[in-house]
Amino acid sequence: MNDMKELLRIAIQKSGRLQEGSLELLKESGLAISNGRDQLKTQARNFPVEILFLRDDDIPQYVEDRVADVGIVGENVLREKGRNNELVKRLDFAKCRLSIAVPKGAEYTGIKWLQGKNIATSYPNVVKQFLEQHQTDAGIHEISGSVEIAPGIGLADAICDIVSTGSTLLSNGLREVEVVMHSEAVLITGPALEGTKRDILDQLLFRMDAVNSAKNNKYILLNCPNDAIPKITTVIPGMNSPTIMPLNKPGWSSLHSVVNENDFWAKIDLLKACGAEGILVIPIEKMIA
Ligand code: PRT
Ligand code: ZN
(Lines give C-alpha, C1' and ligand atoms only; values in the text may rest on other atoms or scores of the structure.)
(Ligands and ions follow the chains in the order given, each with its own letter.)
Protein backbone atom coordinates (compact mmCIF):
# COMPACT_ATOMS: atom_id res chain seq x y z
CA MET A 1 0.00 0.00 0.00
CA ASN A 2 1.16 3.50 -0.77
CA ASP A 3 1.51 5.29 2.54
CA MET A 4 2.75 8.56 1.00
CA LYS A 5 0.25 11.06 2.30
CA GLU A 6 -1.25 13.22 -0.39
CA LEU A 7 -0.94 16.94 0.33
CA LEU A 8 -2.91 19.91 -0.91
CA ARG A 9 -0.40 22.52 -2.07
CA ILE A 10 -1.46 26.09 -1.41
CA ALA A 11 0.43 28.99 -3.00
CA ILE A 12 0.41 32.25 -1.09
CA GLN A 13 2.29 35.53 -1.53
CA LYS A 14 5.88 35.40 -0.30
CA SER A 15 5.88 38.96 0.97
CA GLY A 16 3.53 41.87 0.48
CA ARG A 17 0.03 42.97 1.24
CA LEU A 18 -1.57 39.52 0.95
CA GLN A 19 0.91 37.52 2.98
CA GLU A 20 -0.23 38.31 6.49
CA GLY A 21 -3.95 37.92 5.76
CA SER A 22 -3.37 34.62 3.95
CA LEU A 23 -1.32 33.13 6.79
CA GLU A 24 -3.75 34.42 9.38
CA LEU A 25 -6.70 32.80 7.62
CA LEU A 26 -4.88 29.46 7.35
CA LYS A 27 -3.84 29.59 11.00
CA GLU A 28 -7.34 30.53 12.15
CA SER A 29 -8.57 27.56 10.12
CA GLY A 30 -6.56 25.44 12.55
CA LEU A 31 -3.42 24.80 10.49
CA ALA A 32 -0.22 24.66 12.55
CA ILE A 33 2.32 26.35 10.29
CA SER A 34 5.58 28.02 11.04
CA ASN A 35 6.67 30.68 8.62
CA GLY A 36 10.37 31.27 8.96
CA ARG A 37 11.92 34.00 6.85
CA ASP A 38 13.19 33.11 3.39
CA GLN A 39 11.30 29.85 3.37
CA LEU A 40 10.09 28.64 -0.02
CA LYS A 41 7.67 26.13 1.40
CA THR A 42 6.43 24.71 4.65
CA GLN A 43 4.16 21.88 5.73
CA ALA A 44 1.31 22.17 8.22
CA ARG A 45 2.01 19.93 11.20
CA ASN A 46 -1.57 18.85 11.76
CA PHE A 47 -3.31 18.99 8.36
CA PRO A 48 -2.34 17.56 4.93
CA VAL A 49 -1.35 20.89 3.45
CA GLU A 50 1.89 22.30 2.07
CA ILE A 51 2.30 26.07 1.68
CA LEU A 52 4.38 27.49 -1.18
CA PHE A 53 5.57 31.10 -0.94
CA LEU A 54 5.57 32.83 -4.34
CA ARG A 55 5.24 36.22 -6.03
CA ASP A 56 1.56 36.97 -6.37
CA ASP A 57 1.76 37.56 -10.14
CA ASP A 58 3.06 34.02 -10.65
CA ILE A 59 0.40 32.27 -8.60
CA PRO A 60 -2.37 31.95 -11.25
CA GLN A 61 0.08 30.34 -13.68
CA TYR A 62 1.54 27.96 -11.07
CA VAL A 63 -1.96 26.90 -10.09
CA GLU A 64 -2.92 26.40 -13.70
CA ASP A 65 0.22 24.29 -14.23
CA ARG A 66 -0.55 22.23 -11.10
CA VAL A 67 2.67 23.24 -9.36
CA ALA A 68 0.24 24.34 -6.67
CA ASP A 69 -3.32 23.01 -6.31
CA VAL A 70 -4.84 26.21 -4.97
CA GLY A 71 -3.67 29.77 -4.47
CA ILE A 72 -4.57 33.00 -2.73
CA VAL A 73 -4.31 36.14 -4.91
CA GLY A 74 -5.99 39.49 -5.38
CA GLU A 75 -8.95 39.28 -7.73
CA ASN A 76 -7.19 41.98 -9.79
CA VAL A 77 -4.25 39.62 -10.42
CA LEU A 78 -6.61 36.74 -11.18
CA ARG A 79 -8.45 38.86 -13.76
CA GLU A 80 -5.17 40.05 -15.30
CA LYS A 81 -3.22 36.78 -15.34
CA GLY A 82 -5.68 33.95 -14.81
CA ARG A 83 -6.89 31.91 -17.74
CA ASN A 84 -7.70 28.42 -16.61
CA ASN A 85 -8.32 29.28 -12.97
CA GLU A 86 -11.52 28.95 -11.03
CA LEU A 87 -12.48 31.42 -8.31
CA VAL A 88 -13.54 29.18 -5.41
CA LYS A 89 -14.06 31.63 -2.58
CA ARG A 90 -13.86 35.32 -1.82
CA LEU A 91 -11.81 35.75 1.35
CA ASP A 92 -12.89 39.14 2.65
CA PHE A 93 -9.48 40.78 3.08
CA ALA A 94 -7.10 42.98 1.03
CA LYS A 95 -10.07 44.88 -0.33
CA CYS A 96 -9.26 47.54 -2.90
CA ARG A 97 -10.35 48.73 -6.32
CA LEU A 98 -8.70 49.05 -9.69
CA SER A 99 -9.46 52.54 -10.94
CA ILE A 100 -8.72 55.00 -13.69
CA ALA A 101 -7.29 58.30 -12.48
CA VAL A 102 -6.52 61.49 -14.38
CA PRO A 103 -4.57 64.64 -13.46
CA LYS A 104 -6.58 66.70 -11.00
CA GLY A 105 -6.89 69.64 -13.41
CA ALA A 106 -8.11 67.60 -16.39
CA GLU A 107 -11.66 68.33 -17.51
CA TYR A 108 -12.77 64.72 -17.44
CA THR A 109 -16.18 64.32 -19.06
CA GLY A 110 -16.67 60.56 -19.01
CA ILE A 111 -15.07 57.44 -20.42
CA LYS A 112 -15.00 58.92 -23.94
CA TRP A 113 -12.47 61.47 -22.63
CA LEU A 114 -9.96 58.60 -22.78
CA GLN A 115 -10.45 58.19 -26.56
CA GLY A 116 -7.07 58.56 -28.28
CA LYS A 117 -5.26 59.12 -24.98
CA ASN A 118 -2.54 57.04 -23.31
CA ILE A 119 -3.16 55.04 -20.12
CA ALA A 120 -0.28 53.76 -17.98
CA THR A 121 -1.00 50.57 -16.05
CA SER A 122 0.30 47.25 -14.75
CA TYR A 123 -3.03 45.70 -15.77
CA PRO A 124 -3.05 45.86 -19.60
CA ASN A 125 -5.50 42.98 -20.07
CA VAL A 126 -8.07 44.32 -17.63
CA VAL A 127 -7.81 47.83 -19.06
CA LYS A 128 -8.11 46.56 -22.64
CA GLN A 129 -11.29 44.68 -21.72
CA PHE A 130 -12.71 47.74 -19.95
CA LEU A 131 -12.02 49.98 -22.96
CA GLU A 132 -13.57 47.45 -25.34
CA GLN A 133 -16.69 47.25 -23.18
CA HIS A 134 -17.04 51.01 -23.44
CA GLN A 135 -16.10 51.13 -27.13
CA THR A 136 -13.26 53.48 -26.39
CA ASP A 137 -9.93 53.36 -28.14
CA ALA A 138 -6.93 54.38 -26.06
CA GLY A 139 -3.26 53.49 -25.96
CA ILE A 140 -2.13 51.22 -23.13
CA HIS A 141 1.34 51.79 -21.75
CA GLU A 142 2.36 48.86 -19.57
CA ILE A 143 4.66 49.66 -16.66
CA SER A 144 5.37 47.44 -13.71
CA GLY A 145 5.60 49.88 -10.82
CA SER A 146 5.15 53.50 -9.70
CA VAL A 147 2.33 53.89 -12.19
CA GLU A 148 1.07 56.99 -10.38
CA ILE A 149 4.04 59.11 -11.51
CA ALA A 150 3.41 58.46 -15.23
CA PRO A 151 1.18 61.50 -15.96
CA GLY A 152 3.52 63.83 -14.06
CA ILE A 153 6.52 62.88 -16.19
CA GLY A 154 4.58 63.04 -19.44
CA LEU A 155 4.45 59.29 -19.99
CA ALA A 156 0.66 59.03 -20.08
CA ASP A 157 -2.56 61.07 -19.86
CA ALA A 158 -4.20 58.77 -17.31
CA ILE A 159 -3.42 55.74 -15.19
CA CYS A 160 -5.21 52.60 -14.11
CA ASP A 161 -3.99 51.29 -10.77
CA ILE A 162 -4.98 49.84 -7.41
CA VAL A 163 -6.58 52.33 -5.03
CA SER A 164 -7.27 51.74 -1.38
CA THR A 165 -7.51 54.95 0.63
CA GLY A 166 -6.78 57.18 -2.39
CA SER A 167 -3.94 59.02 -0.64
CA THR A 168 -1.34 57.88 -3.20
CA LEU A 169 -3.45 59.40 -6.00
CA LEU A 170 -3.95 62.58 -4.04
CA SER A 171 -0.27 63.08 -3.30
CA ASN A 172 0.50 62.61 -6.99
CA GLY A 173 -2.04 65.20 -8.12
CA LEU A 174 -4.42 62.61 -9.55
CA ARG A 175 -8.18 62.15 -9.32
CA GLU A 176 -10.04 58.82 -9.43
CA VAL A 177 -12.64 58.95 -12.20
CA GLU A 178 -13.71 55.36 -12.99
CA VAL A 179 -13.75 52.17 -10.94
CA VAL A 180 -12.81 49.36 -13.32
CA MET A 181 -13.26 46.58 -10.77
CA HIS A 182 -13.51 45.91 -7.05
CA SER A 183 -11.09 43.39 -5.64
CA GLU A 184 -10.36 41.33 -2.56
CA ALA A 185 -8.22 38.28 -1.84
CA VAL A 186 -9.66 35.16 -3.46
CA LEU A 187 -8.96 31.45 -3.32
CA ILE A 188 -8.38 29.94 -6.75
CA THR A 189 -7.89 26.43 -8.13
CA GLY A 190 -6.71 25.09 -11.42
CA PRO A 191 -8.88 23.04 -13.75
CA ALA A 192 -10.96 20.31 -12.04
CA LEU A 193 -9.32 19.41 -8.74
CA GLU A 194 -10.27 15.82 -7.82
CA GLY A 195 -9.86 12.95 -5.37
CA THR A 196 -8.05 13.33 -2.06
CA LYS A 197 -6.93 16.86 -2.87
CA ARG A 198 -10.55 17.89 -3.50
CA ASP A 199 -11.55 16.35 -0.14
CA ILE A 200 -8.80 18.25 1.68
CA LEU A 201 -9.87 21.47 -0.03
CA ASP A 202 -13.51 20.88 0.98
CA GLN A 203 -12.45 20.43 4.62
CA LEU A 204 -10.41 23.61 4.44
CA LEU A 205 -13.28 25.56 2.86
CA PHE A 206 -15.60 24.39 5.62
CA ARG A 207 -13.17 25.73 8.21
CA MET A 208 -12.67 29.00 6.34
CA ASP A 209 -16.45 29.48 6.27
CA ALA A 210 -16.57 29.00 10.03
CA VAL A 211 -13.78 31.54 10.51
CA ASN A 212 -15.28 34.12 8.18
CA SER A 213 -18.84 33.83 9.49
CA ALA A 214 -17.48 34.23 13.01
CA LYS A 215 -15.69 37.40 11.93
CA ASN A 216 -18.84 38.80 10.38
CA ASN A 217 -21.00 38.09 13.42
CA LYS A 218 -21.07 38.98 17.09
CA TYR A 219 -22.65 37.29 20.07
CA ILE A 220 -25.11 39.68 21.68
CA LEU A 221 -26.65 39.59 25.17
CA LEU A 222 -29.22 42.04 26.45
CA ASN A 223 -31.86 42.52 29.10
CA CYS A 224 -35.42 43.36 28.13
CA PRO A 225 -38.97 43.43 29.48
CA ASN A 226 -40.74 40.15 28.57
CA ASP A 227 -43.29 41.87 26.37
CA ALA A 228 -40.45 43.15 24.11
CA ILE A 229 -39.19 39.61 23.34
CA PRO A 230 -41.28 38.99 20.17
CA LYS A 231 -40.23 42.31 18.64
CA ILE A 232 -36.55 41.86 19.56
CA THR A 233 -36.64 38.34 18.11
CA THR A 234 -37.60 39.76 14.72
CA VAL A 235 -34.65 42.19 14.91
CA ILE A 236 -32.05 39.57 15.97
CA PRO A 237 -33.44 36.13 15.09
CA GLY A 238 -29.99 34.52 15.54
CA MET A 239 -28.95 31.24 13.96
CA ASN A 240 -32.14 29.44 14.92
CA SER A 241 -33.89 31.55 17.53
CA PRO A 242 -32.64 33.59 20.49
CA THR A 243 -32.05 32.01 23.89
CA ILE A 244 -34.24 33.48 26.63
CA MET A 245 -33.35 33.25 30.30
CA PRO A 246 -35.36 34.79 33.14
CA LEU A 247 -33.78 37.59 35.16
CA ASN A 248 -34.20 37.60 38.88
CA LYS A 249 -36.30 40.74 38.36
CA PRO A 250 -39.93 39.75 37.64
CA GLY A 251 -41.14 40.48 34.10
CA TRP A 252 -37.58 40.71 32.70
CA SER A 253 -35.40 38.36 30.65
CA SER A 254 -31.90 38.07 29.34
CA LEU A 255 -31.90 37.41 25.57
CA HIS A 256 -28.87 35.93 23.73
CA SER A 257 -28.47 35.95 19.97
CA VAL A 258 -26.12 36.59 17.06
CA VAL A 259 -25.93 39.81 15.08
CA ASN A 260 -24.25 40.53 11.75
CA GLU A 261 -21.43 43.05 11.74
CA ASN A 262 -22.78 44.86 8.66
CA ASP A 263 -26.05 46.05 10.14
CA PHE A 264 -24.84 46.05 13.71
CA TRP A 265 -25.28 49.75 14.57
CA ALA A 266 -28.67 50.04 12.89
CA LYS A 267 -29.84 47.03 14.90
CA ILE A 268 -28.50 48.39 18.18
CA ASP A 269 -30.65 51.50 17.66
CA LEU A 270 -33.70 49.34 16.95
CA LEU A 271 -33.04 47.19 20.03
CA LYS A 272 -32.80 50.24 22.26
CA ALA A 273 -36.06 51.51 20.81
CA CYS A 274 -37.64 48.12 21.72
CA GLY A 275 -36.61 48.60 25.35
CA ALA A 276 -33.38 46.58 25.44
CA GLU A 277 -30.87 47.50 28.16
CA GLY A 278 -27.44 46.34 29.29
CA ILE A 279 -26.43 45.27 25.80
CA LEU A 280 -23.18 43.24 25.66
CA VAL A 281 -21.50 42.37 22.37
CA ILE A 282 -18.85 39.66 22.30
CA PRO A 283 -16.63 38.36 19.48
CA ILE A 284 -17.21 34.83 18.21
CA GLU A 285 -14.22 32.66 17.40
CA LYS A 286 -15.76 30.06 15.07
CA MET A 287 -19.31 29.78 13.79
CA ILE A 288 -20.82 26.64 12.29
CA ALA A 289 -24.44 26.87 11.18
O1 PRT B 1 6.07 41.06 -4.79
P2 PRT B 1 4.71 40.71 -5.32
O3 PRT B 1 4.61 40.78 -6.81
O4 PRT B 1 4.21 39.41 -4.73
O5 PRT B 1 3.71 41.83 -4.71
P6 PRT B 1 3.11 43.15 -5.38
O7 PRT B 1 4.02 44.28 -5.08
O8 PRT B 1 2.71 42.91 -6.79
O9 PRT B 1 1.74 43.29 -4.60
P10 PRT B 1 1.35 44.00 -3.23
O11 PRT B 1 1.89 43.21 -2.10
O12 PRT B 1 1.61 45.45 -3.28
O13 PRT B 1 -0.24 43.82 -3.32
C14 PRT B 1 -0.82 42.56 -3.39
C15 PRT B 1 -2.31 42.69 -3.59
O16 PRT B 1 -2.88 43.42 -2.49
C17 PRT B 1 -2.76 43.49 -4.79
O18 PRT B 1 -2.73 42.72 -5.98
C19 PRT B 1 -4.20 43.88 -4.40
O20 PRT B 1 -5.07 42.82 -4.69
C21 PRT B 1 -4.11 44.02 -2.89
N22 PRT B 1 -4.13 45.42 -2.40
C23 PRT B 1 -4.98 45.91 -1.45
C24 PRT B 1 -3.32 46.43 -2.77
C25 PRT B 1 -3.71 47.57 -2.03
N26 PRT B 1 -4.73 47.20 -1.21
C27 PRT B 1 -3.00 48.82 -2.23
N28 PRT B 1 -3.34 49.81 -1.57
N29 PRT B 1 -2.30 46.51 -3.66
C30 PRT B 1 -1.65 47.67 -3.82
N31 PRT B 1 -1.96 48.82 -3.16
C32 PRT B 1 -1.12 50.02 -3.45
C33 PRT B 1 -1.79 51.07 -4.34
O34 PRT B 1 -1.51 50.75 -5.68
C35 PRT B 1 -1.10 52.35 -3.94
O36 PRT B 1 0.04 52.54 -4.71
O37 PRT B 1 -0.82 50.70 -2.28
C38 PRT B 1 -0.65 52.07 -2.51
C39 PRT B 1 -1.40 52.77 -1.43
O40 PRT B 1 -2.78 52.83 -1.70
P41 PRT B 1 -3.70 54.05 -1.20
O42 PRT B 1 -4.83 54.23 -2.19
O43 PRT B 1 -4.18 53.64 0.13
O44 PRT B 1 -2.82 55.28 -1.15
ZN1 ZN C 1 2.99 41.36 -7.81
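Details of the structure are given in the entry above.
The shown structure was predicted, so the numbers you read here are calculated from the model rather than taken from an experiment. (Residues numbered from 1 in each chain as written. Chains lettered and ligands numbered in written order. Predicted model: local features only at pLDDT ≥ 70, side-chain atom pairs only at ≥ 80, totals over all residues. Heavy atoms only, no water.)

## Focus on the nonpolar core
Formed by 31 residues in total, the largest nonpolar core has its most connected members in Ile100, Leu114 and Ile119. Counting only elements with at least two residues in this core, the list comes to strand 3 (49–54), helix 2 (59–64), helix 3 (75–81), strand 6 (96–103), helix 4 (124–133), strand 9 (158–163), strand 10 (174–183) and strand 11 (185–189). Looking at this core, the element that brings in the most residues is helix 4, giving four residues. Shared between two domains, this core takes at least three residues from each, and those domains are domain 1 (4–94 + 185–214) and domain 2 (96–182). Non-local contacts of Ile119, meaning those with residues more than four positions away in its chain, are made with Leu114, Val127, Leu131, Ala138, Gly139, Ile140, His141, Ala156, Ala158, Ile159 and Cys160. The next biggest cluster of nonpolar side chains, apart from the first, holds 27 residues, and it includes Leu8, Leu31, Ala44 and Leu205. (Core = buried A, V, L, I, M, F, W, Y, C linked by side-chain atoms within 4.5 Å. Buried < 20%, exposed > 50% of the residue type's maximum accessible area, 1.4 Å probe, protein only. Helix = DSSP H or I, 4+ residues; strand = E, 2+ residues; numbered from the N terminus. Domains from an automatic or database assignment. Contact = heavy atoms within 4.5 Å.)

## Considerations on the layout of surface pockets
Considering only enclosed or pocket space, the largest pocket measures out at about 970 Å³ in volume. When residues of the lining of the largest pocket are traced back to their parent elements, those giving at least two are helix 3, strand 9 and helix 5 (167–171). Split by residue class, the lining of the largest pocket holds 11 nonpolar, 13 polar and 10 charged. When residues of the lining of the largest pocket are assigned to domains, at least three map to each of domain 1 (4–94 + 185–214) and domain 2 (96–182). (1 Å grid on protein atoms, 1.4 Å probe; cavity = no way out; pocket = protein on both sides within 12 Å on 5 of 7 lines; lining within 4 Å. Points joined across faces, edges and corners; volume = space filled by probe spheres on them. Nonpolar A, V, L, I, M, F, W, Y, C, P; charged D, E, K, R; others polar.)

## Focus: the pairing of strand 4 (residues 70–74)
Among the five residues of strand 4, five are classified as buried, and the element is accordingly described as predominantly covered. Both faces of strand 4 are covered, namely the face carrying Val70, Ile72 and Gly74 and the face carrying Gly71 and Val73. In this structure, strand 1 (residues 8–13) lies alongside strand 4, joined through two bridges in parallel fashion. By the bridge assignment for strand 4, Ile10 is matched with Val70. (Pairing = 2+ DSSP bridges.)

## Side note on helix 6 (residues 195–216)
In this model, helix 6 (22 residues) spans 32 Å end to end at C-alpha, consistent with the 32 Å of a helix rising 1.5 Å per residue. Of all the positions in helix 6, only Lys197, Ile200, Leu201, Leu204, Leu205, Met208, Ala210, Val211, Asn212 and Ala214 are classed as buried. (Expected span 1.5 Å × (residues − 1).)

## Some thoughts on the site of ligand 1
Taken together, 21 residues surround ligand 1, and among them Arg55, Asp57, Asn76, Thr165 and Thr168 come closest. Between Arg55 and ligand 1, the recorded distance is 2.7 Å, taken from a side-chain N or O atom to an oxygen atom. For ligand 1, the protein covers 78% of the area, taking 830 Å² as the surface of the free molecule. Given that more than half its atoms are within 2 Å of the pocket grid, ligand 1 belongs to the largest pocket. (Near = heavy atom within 4 Å. Polar contact = N/O pair within 3.5 Å; in protein donor to acceptor, adjacent residues only side chain to side chain. Areas by Shrake-Rupley, 256 points an atom, 1.4 Å probe, with all protein chains shown as cover. Sits in = over half its atoms within 2 Å of the grid points.)

## Looking at the coordination of the zinc ion (ligand 2)
Surrounding the zinc ion (ligand 2) are the protein donor atoms Asp56 (OD) and Asp57 (OD), at 1.9 to 2.1 Å. Relative to the metal, the four donor atoms surrounding the zinc ion (ligand 2) lie at angles of 73 to 172 degrees, and the coordination shape comes out irregular. Asp57 sits in the partly exposed class, given a relative accessible area of 25%. (Donors = N, O, S within 2.8 Å, 3.2 Å for Na, K, Ca; no water. Tetrahedral: all angles 85-135°; square planar, octahedral: opposite > 155°, others 65-115°.)

By themselves, these figures tell us nothing about what the structure is for.
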